[in-house]
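These are the residues of each chain, in order.
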Amino acid sequence: MIRCDHTGAWAALHGHYAAQGRDFDLREAFAIDPARFAALSFEAPEVFADLSKNLVDATTLRLLLQLAAECGLPERRDAMLRGELVNATEGRAVLHTALRAPRGAAPFSDEVHAVLDAMLAYAEQVRGDAQFTDIVNIGIGGSDLGPQMVVPALDACGTPGRRLHFVSNVDGHDIAPLLARLDARKTLFIVASKTFTTQETMANAQAARDWFFAQGGTDVARHFSATTTNVKAAAAFGITTTFGFWDWVGGRYSLWSAIGLPIAIAIGEANFRDFLTGAHAMDRHFAETPLAKNLPVLLGLLDIWYRNFHGFTSRSVAPYHQGLKRLPAYLQQLEMESNGKRVDIDGRALPFATSPVVWGEPGTNGQHAYFQMLHQGTDVIPVEFIAVKTPAHKLVDQHRKLLANCLAQSQALMRGKTADQAAAETAPTAAAGLAPTVLAQHRSFPGNRPSTTLVLEALTPRSLGALIALYEHRVYTSGALWGINSFDQWGVELGKALCDQLLPRLSSGDTTGLDASTAGLLARLSA
Ligand code: F6P
């Protein structure tokens with residue numbers, strides 16, 4: 001395994017950046033090359049990608065692809081897909097791809113399909129049970145964000161009259177108002193936790209069970225089910241309907257496993273299988289397509305170009321589909337928990353930056369909030385637009401407006417507007433008192449700001465499965481080249497341990513041995 005900065009391509013990329021890359025201008029690139037869009041747009045299963053509005057030329061791409069080859073990306077990808085222990089710090093394989101492979105096509109196929117069949121049969125049973133009007137998923141992180149993102153995205157496949165709820169926060173303001181609206185006789189709770197030890201989830205599960213009893217409920221076995229690798233702990237909680245999974249499924253990669261139960265209840269077995277099929281198609285694309293046309297690889301390489309050469313610190317995701325409103329939150333865990341690392345697999349401190357900040361809101365809402373900064377702020381922030389051609393509603397005019405906004409934003413980011421162009425326009429009357437040249441500066445845009453546009457024909461189980469898998473493999477690509485372990489998350493442990501120590505102090509008020517700030521705050525909060 002060769003780390004990116006130990007390759008010839010890395011040095012060549014630095015030279016290329018200093019010589020040309022830094023000054024690359026998108027507007028000029030389009031002007032001199034009418035074939036730029038054709039050359040830099042790519043087809044992957046269910047996803048079309050326009051990469052042409054990115055700050056790359058043929059040399060950049062050639063060197064980035066050389067970097068991937070020198071780092072042994074194909075070999076490392078294949079090792080992951082074969083089930084080797086690529087999560088070295090936890091001694092585990094990484095096989096979320098096996099969860100969506102057809103029978104017999106990947107490691108652990110028998111176990112995977114046995115649980116999948118049982119989970120989907122149970123989902124159908126719940127869907128057919130008119131008594132359950134409300135399904136509450138209790139989980140956090142990877143046991144929440146995937147289903148919470150997918151269920152509204154596939155709302156068009158849902159069943160009217162059945163409501164899915166998601167409770168994650170240990171803050172009682174999350175579960176308490178929900179419970180106040182529910183009827184215990186009509187509610188099914190799913191306790192979702194890979195470990196079945198997570199503080200937030202256990203506290204919420206306990207609160208739900210207490211409420212259930214207080215409402216006169218008795219049949220915990222019928223009203224509670226669990227999705228976990230810790231079947232024993234679920235049984236100790238009183239749950240008899242449990243769907244398991246395995247340590248080789250990372251939390252943030254687990255929505256394809258039993259953790260997807262709320263999705264299956266919402267959209268049904270056939271749609272859930274389609275969701276897996278879409279992801280599997282993207283897995284095959286990642287595994288089989290030459291690097292130069294391999295979309296997750298190209299996106300991962302662009303991420304490296306922007307993070308390590310241009311020094312951009314974040315990427316904004318703008319899904320132009322309201323159903324994808326939780327996609328940015330989902331991607332935050334996927335990317336930042338995976339690649340927010342500062343040492344390589346051998347424990348050496350990294351001399352370069354890793355995960356960018358990933359953030360965003362659905363378009364067009366973001367346009368009326370932070371797009372000002374994207375267009376005129378001092379930071380350059382690559383934007384990823386996601387456009388969906390066919391809506392699930394009949395408001396044709398609104399859909400055209402949505403798509404026009406999406407196209408306009410990437411165009412505006414690229415084109416910009418010079419001060420002369422701004423000055424030639426009629427100045428708004430409110431600006432009286434400011435010299436026209438000053439006002440023109442305020443009204444000009446630097447442009448040359450990069451973006452990617454991903455296009456789906458429609459938001460379906462299959463296309464959403466493919467889109468999520470695309471993001472997973474893209475994150476793997478950058479993580480592999482950086483030489484980090486994208487599959488552990490030790491960074492969340494220290495806070496958890498300190499929380500355990502502080503918890504009893506909140507009751508006792510004991511501040512002995514604490515730093516002055518924590519002691520002062522604890523005293524204020526516990527008094
Ligand atoms: O925040 C750390 C983490 O371990 C995530 O990686 C995980 O998705 C989440 O907590 C929930 O864990 P569990 O599914 O075990 O409750």
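In this report, the structure presented in the accompanying data block is examined. These numbers were taken from a predicted model, which means no experiment stands behind them.

1. A few points about the site of the ligand
Phase 1 of the analysis: As a structural note, the neighbourhood of the ligand is formed by 14 residues, with Ser 143, Ser 193, Lys 194, Thr 195 and Thr 198 the closest of them.
Phase 2 of the analysis: One of the side-chain N or O atoms of Ser 193 is found 2.6 Å from an oxygen atom in the ligand.
Phase 3 of the analysis: Gln 333 places a side-chain nitrogen or oxygen 3.2 Å from an oxygen atom of the ligand.
Phase 4 of the analysis: Contact with the protein chains covers 87% of the free accessible surface of the ligand, which is 390 Å².
Phase 5 of the analysis: In terms of residue class, the shell around the ligand is built from two nonpolar, nine polar and three charged.

2. Considering the sheet that holds strand E3 (residues 134–138)
Phase 1 of the analysis: Sheet architecture is open: five strands sit in the order E4-E3-E5-E6-E7, paired in parallel fashion. Two strands close off the open sheet at either side, each with one partner strand: strand E4 (163–167) and strand E7 (241–244). The mean inter-strand angle of the sheet, taken between neighbouring strand axes irrespective of direction, is 20°.
Phase 2 of the analysis: Both strand E6 (residues 224–228) and E7 contribute to a ladder of four bridges, which runs parallel. Residue pairing across strands places Ser 225 opposite Thr 241, the latter belonging to E7.
Phase 3 of the analysis: Its contacts with the sheet place helix H6 (residues 109–127) against E3, strand E5 (187–192), E6 and E7, and it is angled at close to 140° to E7.
Phase 4 of the analysis: Here helix H8 (residues 172–181) sits on the sheet and contacts E3, E4 and E5; the angle it forms with E4, its principal contact strand, is near 155°.

3. Brief notes about the packing of aromatic side chains
Phase 1 of the analysis: Counted by the stated rule, this structure contains 24 aromatic pairs.
Phase 2 of the analysis: Between the aromatic rings of Phe 189 and Phe 224, the centroid separation amounts to 4.9 Å while the plane-to-plane angle is 25°, which identifies the pairing as stacked. Taken together, the residues Phe 189 in strand E5 and Phe 224 in strand E6 connect sequence positions 35 residues apart. Here Phe 189 and Phe 224 have matching classes, each one buried.
Phase 3 of the analysis: Seen from their ring centres, Phe 196 and Phe 237 are 6.3 Å apart, and the 75° between their planes marks the pair as edge-to-face. One end of the pair, Phe 196, is in the loop between E5 and helix H9 (199–214); the other, Phe 237, is in helix H11 (residues 231–237), with 41 residues separating them in the sequence. There is no split in this pair, since Phe 196 and Phe 237 are both buried.
Phase 4 of the analysis: Each residue in the set Phe 189, Phe 196, Trp 211, Phe 212, Phe 213, Phe 224 and Phe 237 is aromatic and connected to the rest through ring pairs, giving one cluster.
Phase 5 of the analysis: A cation over an aromatic ring shows up here: Arg 36 above the ring of Phe 30, its NZ or CZ 5.4 Å from the ring centre.
Phase 6 of the analysis: Sitting over the ring of Phe 237, Arg 209 keeps its end group 4.0 Å from the ring centre.

Conventions adopted
- Residues numbered from 1 in each chain as written.
- Predicted model: local features only at pLDDT ≥ 70, side-chain atom pairs only at ≥ 80, totals over all residues.
- Heavy atoms only, no water.
- Near = heavy atom within 4 Å.
- Polar contact = N/O pair within 3.5 Å; in protein donor to acceptor, adjacent residues only side chain to side chain.
- Areas by Shrake-Rupley, 256 points an atom, 1.4 Å probe, with all protein chains shown as cover.
- Nonpolar A, V, L, I, M, F, W, Y, C, P; charged D, E, K, R; others polar.
- Pairing = 2+ DSSP bridges.
- Helix = DSSP H or I, 4+ residues; strand = E, 2+ residues; numbered from the N terminus.
- Axes fitted to C-alpha atoms, helices over the stretch in contact; angles between N-to-C directions.
- Contact = heavy atoms within 4.5 Å.
- Phe/Tyr/Trp six-rings, centres within 6.5 Å; stacked < 30°, edge-to-face > 60°.
- Buried < 20%, exposed > 50% of the residue type's maximum accessible area, 1.4 Å probe, protein only.
- Lys NZ or Arg CZ within 6 Å of the ring centre and 35° of its normal.

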